[in-house]
Amino acid sequence: MTPLTEGLALHIGLNEIDPRSYDGWNGRLDAGENDALAMAELTESLGYETTTLLSHQATAEAVLEAIRDAADRIPVNGIVVITYAGHGGQFEDLGDDEEDRRDETWLLYDREVLDDEIRDALSFFRAGVRVVVLSDSCHSGTVVRGVYERAYEDLPEVRAAYHRVAATLPTRSRTRGTGASGPRLRGAPVEVQRRVLRKHRDQYVEIRRSVPRDATPSASLILLSGCQDNQESMEIDGHGVFTAALLDHFERPEPNQTYRSLHTSISREMPPTQSPGLLTLGPAWQALVEQTPFEIQPPTTSPSPDAGAHVPSPQPEPTWRFEVDVAEQLSSPERLGRLTIEYRP
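Since the model is a prediction, treat every value here as computed from it, not as a measurement.

Topic: the overall build of the protein chain
- The helix and strand inventory of the protein chain stands at nine helices and 14 strands.
- Within the protein chain, the fraction of its 345 residues that count as buried is 55%.
- Within the protein chain, contacts between residues at least 6 apart in sequence are counted, and of these 78% link residues at least 24 apart.
- Accessible surface computed for the protein chain: about 14,800 Å², of which carbon and sulfur atoms make up 48%.

Describing the pattern of salt bridges
- All told, the structure shown has 13 salt bridges when counted by the stated rule.
- Here Arg111 and Glu117 are joined by a salt bridge, their closest N and O atoms 2.8 Å apart.
- For Arg111, a relative accessible area of 14% puts it in the buried group.
- Note that Arg186 and Asp136 form a salt bridge whose closest N and O atoms lie 3.4 Å from each other. Of this pair, Arg186 sits in the loop between strand S8 (184-185) and helix H6 (190-210) while Asp136 sits in strand S7 (residues 130-136), and the two are 50 residues apart along the sequence. For the pair formed by Arg186 and Asp136, the shared burial category is buried.
- Sharing partners across several salt bridges, the network here consists of Asp35, Asp136, Arg186 and Glu235.

What about the packing of aromatic side chains?
- Summed over all chains, the structure comprises four aromatic pairs.
- Ring centres 4.9 Å apart and planes at 55° place the aromatic pair Phe91 and Tyr204 in the tilted group. Separated by 113 residues along the polypeptide, Phe91 in strand S4 (residues 88-92) and Tyr204 in helix H6 bring together distant segments of the chain.
- For Phe91, a relative accessible area of 1% translates into the label buried.
- Given a relative accessible area of 1%, Tyr204 falls into the buried group.
- Relative to Phe294, the ring of Phe250 lies with its centre 5.5 Å away and its plane at 55°, an arrangement referred to as tilted. Taken together, the residues Phe250 in helix H7 (residues 241-251) and Phe294 in the loop between helix H9 (286-289) and strand S13 (320-325) connect sequence positions 44 residues apart. Each member of the pair Phe250 and Phe294 is classed as buried.
- Through pairs of rings, three or more aromatic residues link up here, namely Phe250, Tyr259 and Phe294.

Things to note about the nonpolar core
- Counting residues in hydrophobic clusters, the biggest one holds 42 residues, and the most contacted among them are Ile12, Ile82, Leu108, Leu122, Phe125 and Val131.
- Taken together, the elements giving at least two residues each to this core come down to strand S1 (7-13), helix H2 (60-73), strand S3 (79-85), strand S5 (102-107), strand S6 (112-114), helix H3 (115-122), S7 and H6.
- Considering every element that reaches this core, the biggest residue donor is H2, with six residues.
- Setting aside residues up to four positions removed in sequence, Ile12 forms contacts with Ala36, Leu53, Ala58, Val63, Ile82, Thr83, Tyr84, Ala85, Trp106 and Leu108.
- In this structure, Leu42, Leu224, Met234 and Val289 belong to the second largest nonpolar core, which totals 30 residues.

Looking at the side chain of Gln90
- Take Gln90: it is sitting in strand S4.
- Owing to a relative accessible area of 10%, Gln90 belongs among the buried residues under this scheme.
- Here the side chain of Gln90 touches Glu104 through a polar contact of 2.6 Å, side chain to side chain.

Focus: the environment of Gln274
- Among the secondary structure elements, Gln274 is positioned in the loop between helix H8 (259-269) and strand S12 (277-281).
- Given a relative accessible area of 2%, Gln274 falls into the buried group.
- Counting along the chain gives 47 residues from Gln274 to Cys227, while the straight-line C-alpha distance between them is 5.1 Å.

Focus: the side chain of Gln291
- Mapping Gln291 onto the fold places it in the loop between H9 and S13.
- With residues near it in sequence (within four places) discarded, Gln291 still touches Arg130, Gln257, Thr258, Tyr259, Gln297, Pro298 and Pro299.

Looking at unusual backbone geometry
- With phi around 80°, Asn77 is a residue other than glycine that occupies positive phi space.
- Along the chain, Asn77 falls in the loop between H2 and S3.
- Accessibility expressed as a relative area gives 37% for Asn77, which makes it partly exposed.
- Even without a glycine there, the phi angle at Asn256 is positive, about 55°.
- With respect to the element layout, Asn256 can be found in the loop between H7 and H8.
- Take Asn256: its relative accessible area is 73%, and that puts it in the exposed class.

Some points on the sheet that holds S7
- The six strands are arranged S2-S1-S3-S7-S9-S12 in an open sheet whose pairing can be described as mixed. The outermost strands of the open sheet, each flanked by one partner alone, are strand S2 (49-54) and S12. Averaged over all pairs of adjacent strands, the angle between strand axes in this sheet comes to 10°, irrespective of strand direction.
- Note: S3 against S7, seven bridges, orientation parallel.

Definitions and limits used
- Residues numbered from 1 in each chain as written.
- Predicted model: local features only at pLDDT ≥ 70, side-chain atom pairs only at ≥ 80, totals over all residues.
- Heavy atoms only, no water.
- Helix = DSSP H or I, 4+ residues; strand = E, 2+ residues; numbered from the N terminus.
- Buried < 20%, exposed > 50% of the residue type's maximum accessible area, 1.4 Å probe, protein only.
- Contact = heavy atoms within 4.5 Å.
- Areas by Shrake-Rupley, 256 points an atom, 1.4 Å probe, with all protein chains shown as cover.
- Salt bridge = Lys/Arg side-chain N within 4 Å of Asp/Glu carboxyl O.
- Phe/Tyr/Trp six-rings, centres within 6.5 Å; stacked < 30°, edge-to-face > 60°.
- Core = buried A, V, L, I, M, F, W, Y, C linked by side-chain atoms within 4.5 Å.
- Polar contact = N/O pair within 3.5 Å; in protein donor to acceptor, adjacent residues only side chain to side chain.
- Pairing = 2+ DSSP bridges.
- Axes fitted to C-alpha atoms, helices over the stretch in contact; angles between N-to-C directions.

Below, the structure is given as structure tokens:
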């Protein structure tokens, strides 16, 4: 096995998926690969050994194997950065064991990877290792994308916010995309998810059944996500909006920037339809959350043996609210109501 420096990065970016695995849907995006390449350039400049998997390279087997390989190779006190730019999805009631159970997924080239599989792969990292995961993808629930598309079309504040954030990095076009500047949502449409699950249900039920559900990470993990589970992430002007904001703030750092302050800064300027998440898992390590983002050198203090620490996302007071009727958008008549989108400057 090849000796490794103390920083390892894996960047996954998809502009398309195999329609044979998604009931004819190719999930076309323009900026997934671009995000992965931009993040690869960033981590390489910081001294990481970097692996990039783009579109057809990013199969479920390749991605999970790359994560497990990183777990085998990274030394204690090392750091691993994993980024994903592509479609996210949710399967409802996959296991038939809980009525409201949902499995979040990454839509990789040949199939969807369940959150249980990702959690299991991350559990292979040893204690003392730092793992930072960035996911610029959607996890939309029962509210379909039409609500967010309407917000983009009807509210100039939303349109301006998306363009303002993503356009800060207009020169970072490195891929063979279509060059479209219009918005695309990084979430599988509900009807596509239903067709995929209807056609491949036995496969996904077996995958979920075969993966340990109680895997506990030994490493200290920071998870940064582009939006909340009930929201959609947007890409526009050549980048995912979350990734563009992260790159921009990293290149123009505030004094004493930390993971927490980076998350706060991004959250303040994101459009009202996206509220980035910050979560920690595994042994609590306060010094890690307060460390300079992506710094290879470990903090001087050690992690606590107490697992399960949670870092809540800051929630500034909204300055205005946008409400739409979502009765026709929901699959269950008893769940009729209104969707409220809050703008947090």
